[in-house]
Amino acid sequence: KKLQKIFLRLMTTGGLRLLEHVLNLNFCYIAAGRYDGCISFYSTLPEWDKMPGILILEEAGGKITDFYGKEVKNDIIKFIASNKKLHNNMLKIVE
C-alpha cells in the first residue's frame, strides 16, 4: 500500500523514472538540475558503481540518505537522492 502511494505521487508529478542500470547518470542529472531527485527501493549495483555518482551529487550540493535520513554507507540498497531543497519532502513520501 505504501509503495502504491509513492508511485501514485510520482506519476502525478511527472517524476517517475526507472533508470536503475544508469544510477550514476541519475545522480549526475540531479547534480546538474535536470532531475529534482530519485528514490531507489532496491539497488543491485555494487558500491564502486554508485560511489562516483554520489561524490558528484554531493559536490554539486545534492544530498543522499537512506529512508531514515541517515548518511549513506557503501552497501546502501534503499536511498533517496535529491537537491537539498526537496530532500525532507521526499523523506516524508517514504515514511
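Going by the structure above, here's the rest.
Just so we're clear, the structure is a prediction, and the values are computed from it rather than from any experiment.

Novice: Teacher, can you tell me more about the overall build of the protein here?
Specialist: Helix and strand content of the protein: four helices and three strands. Each helix and strand of the protein, placed in order from N terminus to C terminus, yields the pattern α-α-β-α-β-β-α. Taking all 95 residues of the protein together, the buried fraction comes to 34%. The long-range fraction of contacts in the protein, counting pairs at least 24 apart against all pairs at least 6 apart in sequence, stands at 53%. Accessible surface, the protein as shown: approximately 6300 Å² in total, 55% of it carbon and sulfur.

Novice: Can you walk me through the sheet that holds strand E3 (residues 79-83) in this structure?
Specialist: Strand pairing in a sheet takes place through backbone hydrogen bonds and is either antiparallel or parallel in direction. As summarised here, the arrangement of the three strands in space is E1-E3-E2, forming an open sheet in which the pairing is antiparallel. This sheet does not close on itself; its edge strands, each paired only once, are strand E1 (37-40) and strand E2 (62-65). The average angle at which neighbouring strand axes cross in this sheet is 5 degrees, direction not considered. Note that E1 and E3 share four bridges and pair antiparallel. Bridging across to E3, Cys 38 finds its partner in Ala 81.

Novice: Honestly, the packing of aromatic side chains in this entry has me stumped. Any pointers?
Specialist: Two numbers describe a pair of aromatic rings. These are the distance of the centres and the angle of the planes. Following the criterion strictly, the structure yields two aromatic pairs and no others. When the centroid spacing of 5.7 Å and the interplanar angle of 50 degrees are considered together, the rings of Phe 27 and Phe 79 count as tilted. On the criterion of sequence distance, the pair formed by Phe 27 in helix H2 (residues 23-32) and Phe 79 in strand E3 is long-range, its members being 52 residues apart. Each member of the pair, Phe 27 together with Phe 79, is buried.

Novice: Explanation requested: the nonpolar core in the structure shown.
Specialist: Soluble globular proteins tend to bury their nonpolar side chains together. By size, the foremost hydrophobic cluster in this structure holds twelve residues: Leu 23, Phe 27, Ile 30, Tyr 35, Cys 38, Ile 54, Leu 57, Ile 64, Val 72, Ile 76, Phe 79 and Ala 81. Counting residues per element, the ones that place at least two in this core are H2, helix H3 (47-59) and E3. Of all hydrophobic cores here, the second largest spans six residues; its members include Phe 67, Met 90, Leu 91 and Val 94.

Cut-offs and rules
Residues numbered from 1 in each chain as written. Predicted model: local features only at pLDDT ≥ 70, side-chain atom pairs only at ≥ 80, totals over all residues. Heavy atoms only, no water. Helix = DSSP H or I, 4+ residues; strand = E, 2+ residues; numbered from the N terminus. Buried < 20%, exposed > 50% of the residue type's maximum accessible area, 1.4 Å probe, protein only. Contact = heavy atoms within 4.5 Å. Areas by Shrake-Rupley, 256 points an atom, 1.4 Å probe, with all protein chains shown as cover. Pairing = 2+ DSSP bridges. Axes fitted to C-alpha atoms, helices over the stretch in contact; angles between N-to-C directions. Phe/Tyr/Trp six-rings, centres within 6.5 Å; stacked < 30°, edge-to-face > 60°. Core = buried A, V, L, I, M, F, W, Y, C linked by side-chain atoms within 4.5 Å.

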